[in-house]
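Geometric and topological summary
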Amino acid sequence: MKALSAANVRKGGVVLENTRLCRDFIDSAAAVAPSLPGVTIKKAGPNKMLVAFGSQYGLCGAFNERVLEAVYQAEAKLGCVAWVVLMGRRLAERAPDQICCKPVLKLEAPGSVDGIDDAIGDLLTVIYDKYRCGEFDEIYFIYPSFAAEMLSMNLKLVLPPEFESTGEEPPMMYLAPPELLEGLLREHLSIHLYATILETLIAENESRMRSMDFASKNIQKKIDEATQSYNYALQEEVTGELLEIIGGYEAIRKGAEGV
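Summary of the structure given here. (Residues numbered from 1 in each chain as written. Predicted model: local features only at pLDDT ≥ 70, side-chain atom pairs only at ≥ 80, totals over all residues. Heavy atoms only, no water.)

1. Topic: a nonpolar patch on the surface
- Together, Y230, L234, V238, L242, I245 and I246 make up an exposed nonpolar region whose accessible area comes to about 570 Å².
- If you trace the backbone, I246 turns up in helix α5 (residues 177-258).
- Judged by relative accessible area, which is 47%, I246 ranks as partly exposed. (Patch = residues over 30% accessible without salt bridge, like charges linked within 9 Å, V, L, I, M, F, W, Y side chains within 5 Å. Areas by Shrake-Rupley, 256 points an atom, 1.4 Å probe, with all protein chains shown as cover. Salt bridge = Lys/Arg side-chain N within 4 Å of Asp/Glu carboxyl O. Helix = DSSP H or I, 4+ residues; strand = E, 2+ residues; numbered from the N terminus. Buried < 20%, exposed > 50% of the residue type's maximum accessible area, 1.4 Å probe, protein only.)

Here it is, written out as structure tokens:
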């Protein structure tokens, strides 16, 4: 398990660097959206969706408890949270059926880097369709990441995107501006979703390796303590037997001298 976690961390780190480059490219391309003729960028509103990312499997310490704690804090901070999505079997198992009286949708999370593509499809459809239909005004991601050897929780506004007008003329387009905007929004959500799941997967496996290291050290400590106790008891037993032998010898010697 530890070797598998280490492999996921190594592979995930390489993929994450490329994913960040892709995300930056898409975000910079989408910066032209406000300048497109005939399109309206949706503004932030009161109805919010929280999407929390946790672990699919166990043996990662208090990882999922930290994510749930971040969900409660985000709800208290943002207010008007109408829906909560929990991604990850272990995360869902530790959460109540309702979080602060809000309905909860529970989804499976990928167990490896290679499984991210399959996991994105369902979640992307759920999130984007509800956002496009106006069911939610804002969508936030809550996800863990490792920085400076520390596990931290992140709260990020994903939709509506924080597009900034460049002030430049819009580029030559072959698509109608509304169609282009929808494509940009979907790509924006898709790449941020992929990057978030990837960071969560790396953090999950980092936590798992640290939990295993701690467990190994704790087991070794228990073994050392048991060995010391055994050696002490063995020494006490040997000492007791020697004292009995010496005592018996002295009794025999004194008896012989008395004769």
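2. As for the side chain of N64
- Within the fold, N64 resides in helix α2 (residues 63-78).
- One polar contact links N64 to S55, side chain to side chain, over a distance of 2.8 Å.
- With sequence-adjacent residues up to four places away left out, N64 is seen in contact with G54, S55, R90, L91 and R94. (Polar contact = N/O pair within 3.5 Å; in protein donor to acceptor, adjacent residues only side chain to side chain. Contact = heavy atoms within 4.5 Å.)

3. Focus: the layout of surface pockets
- By volume, the largest pocket is sized at about 160 Å³.
- Every residue along the wall of the largest pocket is listed here: R66, E69, A70, Q73, A74, K77, I142, M153, N154 and L155.
- Contributions of two or more residues to the lining of the largest pocket are made by α2 and β6 (150-159).
- Per-element accounting of the lining of the largest pocket gives the leading share, six residues, to α2.
- Residues of the lining of the largest pocket, tallied by class, amount to five nonpolar, two polar and three charged. (1 Å grid on protein atoms, 1.4 Å probe; cavity = no way out; pocket = protein on both sides within 12 Å on 5 of 7 lines; lining within 4 Å. Points joined across faces, edges and corners; volume = space filled by probe spheres on them. Nonpolar A, V, L, I, M, F, W, Y, C, P; charged D, E, K, R; others polar.)

4. Brief notes about empty space enclosed by the protein
- Counted by the stated rule, this structure contains one cavity of 30 Å³ or more.
- Lining of the largest cavity is provided by F53, G54, M87, A109, P110, I197, T200, L201 and E204.
- Top element by residues in the lining of the largest cavity is α5. It accounts for four residues.
- Broken down by class, the residue content of the lining of the largest cavity amounts to six nonpolar, two polar and one charged.

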